[in-house]
Amino acid sequence: METNQPFELDPVPPSVREEARQEKRQRVRTHVANHRARATKAGIVQVVLMIPKAAAERVDAFKKARGFRNRSDAVALILDELPGADPDRVRVSVSPSSAELLDSIAAAKGFKNRSQAIEQVLRTALAYPALTKELGL
């Protein structure tokens, strides 16, 4: 037969634990308020949405594939892709094989993303007079 452990009083009184909880709550509130103030100053607004679970899973997959830290960054990029978005910021869609080539160029040149690889390809291609003539530039 097992013996029960002897009963011991908690060395921290409940009033001290409650005080620690209140201090932590205040630190969190201050942190959140500062974060929101910085975001507001940067022109960022908070939007709360409710979407189906399947849509949230797609956002999470997109977030992971792009290496974003949070859903907000992923949703912001998705919204930039909507019709009527700023044409200078709209992303270019390419085939999977072209995307692989761009990834290879980015890796070889130490670029952070595909857009830098695209810029390199365009600069290189436009350096040839025959090509610029063919493109009508």
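Residues numbered from 1 in each chain as written. Predicted model: local features only at pLDDT ≥ 70, side-chain atom pairs only at ≥ 80, totals over all residues. Heavy atoms only, no water.

### Considering the pattern of salt bridges
Phase 1 of the analysis: Enumeration according to the criterion identifies four salt bridges in this entry.
Phase 2 of the analysis: Among the ionic pairs, Arg21 bridges to Glu18, the shortest N-O distance being 2.9 Å. With a gap of three residues between them, Arg21 and Glu18 both fall in helix H1 (residues 14–41), about one helical turn apart.
Phase 3 of the analysis: The exposure class assigned to Arg21 is partly exposed, which follows from its relative accessible area of 47%.
Phase 4 of the analysis: A salt bridge links Asp103 to Arg114, with the shortest nitrogen-to-oxygen separation between them at 2.7 Å. Remark: Arg114 occurs in helix H5 (residues 114–125) and Asp103 occurs in helix H4 (residues 96–109); sequence separation between them is 11 residues. (Salt bridge = Lys/Arg side-chain N within 4 Å of Asp/Glu carboxyl O. Helix = DSSP H or I, 4+ residues; strand = E, 2+ residues; numbered from the N terminus. Buried < 20%, exposed > 50% of the residue type's maximum accessible area, 1.4 Å probe, protein only.)

### Things to note about the packing of aromatic side chains
Phase 1 of the analysis: Counting across every chain of the model gives one aromatic pair.
Phase 2 of the analysis: Their ring planes at 55° and their centres at 6.3 Å tell us that Phe62 and Phe68 sit as a pair that is tilted.
Phase 3 of the analysis: For Phe62, a relative accessible area of 23% gives the class partly exposed.
Phase 4 of the analysis: The exposure class of Phe68 is partly exposed, given its relative accessible area of 26%. (Phe/Tyr/Trp six-rings, centres within 6.5 Å; stacked < 30°, edge-to-face > 60°.)

### Side note on the confidence of the model for the chain
Phase 1 of the analysis: The pLDDT averaged across the chain works out to 83; a share of 89% of its residues lies at or above 70.
Phase 2 of the analysis: Across the chain, the element-wise mean pLDDT spans from 80 in helix H6 (residues 129–135) up to 92 in H1. (pLDDT = per-residue confidence, 0-100.)

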